[in-house]
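# Survey of secondary and tertiary structure
As a plain string of letters, each chain reads:
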Amino acid sequence: MKELEEKIKKDGRVLGADILKVDSFLNHQIDPVLMKKMGEEFYNEFKNQNVTKIITVESSGIAPAVMAGLSFNKPVVFARKHKSLTLKDDLYTADVYSFTKQTSNKISVSKNFLDSSDNVLIIDDFLANGQAVKGLADIAKDAGANIVGAGIVIEKSFQKGRSLVDEMGIKVLSLARIKEFKDGQVVFEED
Ligand code: G4P
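Residues numbered from 1 in each chain as written. Predicted model: local features only at pLDDT ≥ 70, side-chain atom pairs only at ≥ 80, totals over all residues. Heavy atoms only, no water.

Now for the environment of Pro75. Along the chain, Pro75 falls in the loop between helix H3 (62–72) and strand S4 (76–79). When its relative accessible area of 45% is taken as the criterion, Pro75 is described as partly exposed. Considering only alpha carbons, one finds Pro75 and Val51, 24 residues apart in sequence, at a separation of 9.9 Å. When near neighbours in sequence (up to four residues on either side) are disregarded, Pro75 contacts Thr52, Lys53 and Ile54. (Helix = DSSP H or I, 4+ residues; strand = E, 2+ residues; numbered from the N terminus. Buried < 20%, exposed > 50% of the residue type's maximum accessible area, 1.4 Å probe, protein only. Contact = heavy atoms within 4.5 Å.)

This part covers the packing of aromatic side chains. Summed over all chains, the structure comprises two aromatic pairs. Note on Phe158 and Phe181: the rings are 5.5 Å apart at their centroids and 70° apart in plane angle, and the pair reads as edge-to-face. With Phe158 in the loop between strand S8 (146–156) and helix H5 (161–167) and Phe181 in strand S9 (residues 172–182), this pair connects stretches of sequence that are 23 residues apart. Judged by its relative accessible area of 15%, Phe181 falls in the buried class. (Phe/Tyr/Trp six-rings, centres within 6.5 Å; stacked < 30°, edge-to-face > 60°.)

Our focus in this paragraph is the packing of helix H1 (residues 2–11) against helix H2 (residues 32–46). Two measures define how a pair of helices packs: the angle their axes make with one another and the distance between the axes. H2 packs onto H1 with a crossing angle of 145° between their chain directions and a minimal axis gap of 10 Å. Along this stretch, H1 crosses H2, giving a crossing that reads as left-handed. Across from Glu3, Leu4 and Lys7 in H1, the residues of H2 making contact are Leu34, Lys37 and Met38. Each residue belonging to the contact of H1 with H2 can be placed in one class, and the counts come to three nonpolar, no polar and three charged. (Axes fitted to C-alpha atoms, helices over the stretch in contact; angles between N-to-C directions. Left-handed = near helix turned anticlockwise from the far one by under 90°. Nonpolar A, V, L, I, M, F, W, Y, C, P; charged D, E, K, R; others polar.)

Around the ligand, 20 residues are found, and the nearest of them are Leu20, Ser60, Lys81, Gly130 and Gln131. Between the ligand and Lys101, the relevant distance is 2.9 Å, taken from an oxygen atom to a side-chain nitrogen or oxygen of the residue. Within the backbone of Asn129, an N or O atom sits 2.8 Å from an oxygen atom of the ligand. Alone, the ligand offers 720 Å² of accessible surface; in the complex the protein occludes 80% of this. Where the shell around the ligand is concerned, the elements lending two or more residues are strand S2 (19–21), strand S7 (119–127) and helix H4 (131–142). (Near = heavy atom within 4 Å. Polar contact = N/O pair within 3.5 Å; in protein donor to acceptor, adjacent residues only side chain to side chain. Areas by Shrake-Rupley, 256 points an atom, 1.4 Å probe, with all protein chains shown as cover.)

This brings us to the sheet that holds S8. Strand pairing in a sheet relies on backbone hydrogen bonds, with the paired strands running either antiparallel or parallel. A sheet is described by the order of its strands in space; here six strands give the open sequence S4-S3-S7-S8-S9-S10, paired in mixed fashion. Of all the strands in the sheet, just S4 and strand S10 (185–188) have a single pairing partner and so form its edges. Across the sheet, the mean angle from the axis of one strand to that of its neighbour is 30°, orientation sign disregarded. Two elements, strand S3 (residues 53–57) and S4, share four bridges in a ladder whose sense is parallel. Among the inter-strand pairings, Ile55 is bridged to a residue of S4, identified as Val77. Here H3 sits on the sheet and contacts S3, S4, S7 and S8; the angle it forms with S3, its principal contact strand, is near 175°. (Pairing = 2+ DSSP bridges.)

This is the structure in structure tokens:
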């Protein structure tokens, strides 16, 4: 998505070897106009797949997922990372290992919001090591739901996630695919 790549080039900042800071438009301050267009891109790719539900994981996946949900006119469910007062029983859960933080997080979705009649589209902001997508796919499988694909805002193709998700047989649409960071600059796959 050209507009997203331009935005990353203009406002993104490379931190160290492998982190892209995009908090001015994606995961802290949010650009809703750009986010809405991202939702439309996901819709255009997956509109013929009978998507019944969008799933993501809190917190940064929620904004692009809601915009996708708006385009599909379907509900959005976000997996929670923390126990909630009202979310206790009847949960699907999965472990998500963070290589960055070297910790494992449990994510949960209420059984009320996902079942075997669902065709789910997974949405997330970053595809890095692929553990979040894997956890969401585990939850969808546990529910007996069909996984239509995964829509990612920014894929860092030089990390393990893309091949992991490909191996799982999940169709991926990444709106921006970063091949590498070179001298503090972002190089996209098609550059
Ligand atoms: P994975 O989700 O693909 O397995 O990747 P990883 O364990 O490496 O990522 C851990 C967290 O760091 C995730 O957010 C992920 O979105 C985020 N992340 C990964 N690479 C980048 C990057 O280059 N830039 C930024 N800004 N974030 C990155 P999280 O811990 O789930 O946080 P949040 O969704 O609550 O914000």
